[in-house]
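# Survey of secondary and tertiary structure
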Amino acid sequence: MEKRALKSGKLLESLCTLFPDQSHKKIKNALKNGAVLVNGKVRTKYDYPVHPQDKIEIQKEYKTHKKSPLKIIYEDQNFLVVEKPAHLLTIATDKEKEKTVYHKMREFIKKRHSKDKIFILHRLDQDTSGVLVFVKNEKIKTTLQQSWNQYVQKREYYAIVKGIPETKKNYTCYLKEDQNNFVFVTDDSKKGKKAVTSFEVIKTNGVESLLKVNIKTGRKNQIRVVLSYLGYPIVGDKKYGGPKADRLYLQASKLKLKGEDHKTYCFETPIEASFLQRLKKKGKSE
């Protein structure tokens, strides 16, 4: 159910006006459970400000989310979006079949309804945390993957790096992968794949900096390689020369895309507390 806000005001008030058939308690529960969207974005605060013509939607509630092995950010008839923790594989490898996001969520979905399925839309590196999207229809998966860069409107990350870099907008380079699966920057544009990366410093403690990173191309290890090449490796990135840490400090915080239904979806998760705690440390990196 999607409707347009009639006037400026608080979200709860607009919901009660636009959906008079829904009880006040049911609307409050929908907010609490992440079933309310404003302009395609999940909103849970009763007093969130809305404006005339904002798109307001109440999605189906999934009470089974509390039983999920991973935090579910969003779900509807087409998408299942989870918050992937660091250190967990997205899909199986030759060495590991079950300790993956896909396996955990597939089993969860099956227990809920034996005929339900999910399909991997994209991947995150094992040590990267954040927004990971599955789809429930193979046709949608194929359509979005075949024209991924046309459907994806924004890919945003948080990263903590060594040093204090200057802001860069649409930094362009070319990446190549060697036989050992090591990605590096090459001067030969014919042999490498184009990578476009933007980033800015959000906060720094003088030794390490928190960056907001946006990418226009989704190359393998793109953010890790580019930041390392520029002299600002990500903290915890053993592969590309980052300072030692308990994890890789890279989080996929936002993915905005246009669905096959032409609706715009924005899936996001707040910055992890461990990132802010890391920045409070003074002196040398670990």
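Note that the coordinates shown come from a computational prediction; the quantities given were computed from them, not determined experimentally.

Reading the values: rules and limits
- Residues numbered from 1 in each chain as written.
- Predicted model: local features only at pLDDT ≥ 70, side-chain atom pairs only at ≥ 80, totals over all residues.
- Heavy atoms only, no water.
- pLDDT = per-residue confidence, 0-100.
- Contact = heavy atoms within 4.5 Å.
- Helix = DSSP H or I, 4+ residues; strand = E, 2+ residues; numbered from the N terminus.
- Expected span 1.5 Å × (residues − 1).
- Buried < 20%, exposed > 50% of the residue type's maximum accessible area, 1.4 Å probe, protein only.
- Salt bridge = Lys/Arg side-chain N within 4 Å of Asp/Glu carboxyl O.
- Pairing = 2+ DSSP bridges.
- Axes fitted to C-alpha atoms, helices over the stretch in contact; angles between N-to-C directions.
- Phe/Tyr/Trp six-rings, centres within 6.5 Å; stacked < 30°, edge-to-face > 60°.
- Lys NZ or Arg CZ within 6 Å of the ring centre and 35° of its normal.

## Some words on the confidence of the model for the protein
Across the protein, the average pLDDT comes to 91, with 98% of residues at or above 70. Here residues 282–286 is modelled with pLDDT under 50, and outside its nearest four sequence neighbours on either side it reaches 11 contacts, counting other chains as well.

## Things to note about helix α3 (residues 101–112)
Compared with an ideal rise of 1.5 Å per residue, which puts 12 residues at 16 Å, α3 spans 17 Å between its outermost C-alpha atoms and is within 8% of the ideal. Inspection of α3 places Val 101, His 103, Met 105, Phe 108 and Ile 109 among the buried residues, and these make up the whole buried set. Residues of α3 that are buried make contact with β7 (72–75), β8 (79–84) and β10 (129–135).

## What about the pattern of salt bridges?
The full count for this structure, using the stated rule, is 12 salt bridges. Two residues, Asp 237 and Arg 224, come together in a salt bridge whose shortest N-O distance is 2.8 Å. Taken together, the residues Asp 237 in the loop between α6 (222–229) and β16 (250–258) and Arg 224 in helix α6 connect sequence positions 13 residues apart. Arg 224 shares its class with Asp 237; the two are buried. Linking Glu 272 and Arg 247 is a salt bridge whose minimum nitrogen-to-oxygen distance equals 2.7 Å. With Glu 272 in the loop between β17 (264–268) and α7 (273–280) and Arg 247 in the loop between α6 and β16, the pair connects residues that are 25 residues apart, well separated along the chain. Owing to a relative accessible area of 8%, Arg 247 belongs among the buried residues under this scheme. Bridged by salt links that share partners, the residues Glu 75, Arg 112 and Lys 136 form one connected network.

## Points about the sheet that holds strand β4 (residues 41–42)
In spatial order, the strands read β1-β6-β3-β4; together these four strands make up an open sheet with antiparallel pairing. Looking at strand neighbours, the two that pair on one side only are β1 (2–4) and β4, the edges of this open sheet. The sheet contact formed by strand β3 (residues 36–38) and β4 spans two bridges and is antiparallel. Looking at β4, one finds that Leu 37 is bridged to Val 42. In this fold helix α1 (residues 11–18) packs onto β1, β3 and β6 (55–58), with an angle of close to 75° to the strand it touches most, β6.

## So, the packing of aromatic side chains
The geometry of two aromatic rings is summed up by the distance between their centres and the angle between their planes. Per the stated rule, a full pass over the model turns up eight aromatic pairs. Where Phe 79 meets Tyr 265, the ring centres are 4.8 Å apart and the plane angle is 55°; that geometry is what we call tilted. Remark: Tyr 265 occurs in strand β17 and Phe 79 occurs in strand β8; sequence separation between them is 186 residues. Judged by relative accessible area, Phe 79 falls into the buried class, the value being 2%. Judged by relative accessible area, which is 3%, Tyr 265 ranks as buried. Judged by centre distance (6.3 Å) and plane angle (35°), the rings of Tyr 102 and Phe 134 are tilted. One end of the pair, Tyr 102, is in helix α3; the other, Phe 134, is in strand β10, and 32 residues separate them in sequence. Aromatic rings pair up to connect Tyr 74, Phe 79, Tyr 265 and Phe 267 into one cluster. Geometry around Tyr 249 places Arg 247 over its ring, the cationic atom sitting 5.4 Å from the centre.

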